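# Tertiary structure, described
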Amino acid sequence: MMTPKRPYLVRALYEWLLDNELTPHVVIDANWPGTEVPAEYVQDGQIVLNIHPDATTGLQMAEVDMQFQARFGGVPRRITVPYGALLAIYARENGAGSIFEPEPAYEDPEAAFIPEEPNPADLKPVETPEGTPENEGDSAGKSARSRGRPHLKVIK
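Everything quoted here is computed from the prediction, not taken from an experiment.

### Observations concerning the confidence of the model for the chain
Averaged over every residue, the pLDDT of the chain is 81; residues scoring 70 or more account for 69%. Scored below 50 in pLDDT, residues 132-148 makes 20 contacts in the model with residues more than four places away or belonging to other chains.

Given below as structure tokens:
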């Protein structure tokens, strides 16, 4: 089975909205298993959340879910939104964004997509164009990726 596209689309649309100085909001199915949102703000089984950097702390968009902290009535709350619960992302100012269509990975909430852990025996060091593993020869012992610099590998 292919991996779900929703996490990729959410990350891309989020960045696009921010680049255009818009305020990203998400519509969440509050009844989806694993969803942690303040129940007192849920209406008709859904909640709309502002995920702009000014409204959240520690926003992480992982493979399986989105997590962050936000204040509700001045009280900080931890929010967890599995991607199966995410119904739409849009701009508050003009509605630009996307409503997500059903995906096979999210048809059964109890069996939602969870990525498999890689088998360590199958992992191999990434080779740089010079032919050395990317962390060899680095005085700090860190790869270009772990120092925050972009790293591009040419594949022929």
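### Details of the pattern of salt bridges
Under the criterion given, the structure shown has 4 salt bridges. With a closest N to O distance of 3.8 Å, Lys5 and Glu101 form a salt bridge. Here Glu101 lies in the segment after strand E7 (97-99) and Lys5 lies in the segment before helix H1 (6-19), a separation of 96 residues in the sequence. Judged by its relative accessible area of 42%, Lys5 falls in the partly exposed class. Residue Glu93 pairs with Arg92 through a salt bridge whose shortest N-O separation is 3.4 Å. Looking at Glu93, the relative accessible area reads 40%, which means it is partly exposed.

### Focus: the side chain of Thr35
As for its placement among the helices and strands, Thr35 is situated in the loop between strand E1 (24-29) and strand E2 (46-50). What makes Thr35 buried here is its relative accessible area of 15%. Within the local environment of Thr35, its side chain forms a polar contact with the backbone oxygen of Trp32, the two atoms lying 2.9 Å apart. Those residues within four positions of Thr35 in sequence are excluded, and the remaining contacts are Ile28, Asp29, Ala30, Thr80, Pro82 and Ala85.

### Topic: the nonpolar core
Counting residues in each nonpolar core, the largest one holds 27 residues, and the members touching the most others are Leu49, Met66 and Ile89. Mapped by element, the contributors of at least two residues to this core are H1, E1, E2, strand E4 (65-72), strand E5 (75-82) and strand E6 (86-91).

### A short note on the pairing of E4
In terms of strand pairing, strand E3 (residues 56-61) meets E4 through 4 bridges, oriented antiparallel. From the neighbouring strand, Thr56 faces E4, where its bridge partner is Ala70. Linking E3 back to E4 in an antiparallel pair, the connection comprises 3 residues. As paired elements, E4 and E5 share 8 bridges and run antiparallel to each other. Bridge pairing links Ala70 to Arg77 in E5.

### Observations concerning the sheet that holds E7
Across the sheet, which stays open at both edges, the 4 strands sit in the order E2-E1-E6-E7 with antiparallel pairing between neighbours. Two strands lie at the open edges of the sheet, namely E2 and E7, each paired on one side alone. In this sheet, adjacent strand axes meet at a mean angle of 20° when their direction is disregarded. Sheet strands touched by H1: E1, E6 and E7. Its angle to E6, the strand with the most contacts, is close to 15°.

Thresholds applied
- Residues numbered from 1 in each chain as written.
- Predicted model: local features only at pLDDT ≥ 70, side-chain atom pairs only at ≥ 80, totals over all residues.
- Heavy atoms only, no water.
- pLDDT = per-residue confidence, 0-100.
- Contact = heavy atoms within 4.5 Å.
- Salt bridge = Lys/Arg side-chain N within 4 Å of Asp/Glu carboxyl O.
- Helix = DSSP H or I, 4+ residues; strand = E, 2+ residues; numbered from the N terminus.
- Buried < 20%, exposed > 50% of the residue type's maximum accessible area, 1.4 Å probe, protein only.
- Polar contact = N/O pair within 3.5 Å; in protein donor to acceptor, adjacent residues only side chain to side chain.
- Core = buried A, V, L, I, M, F, W, Y, C linked by side-chain atoms within 4.5 Å.
- Pairing = 2+ DSSP bridges.
- Axes fitted to C-alpha atoms, helices over the stretch in contact; angles between N-to-C directions.

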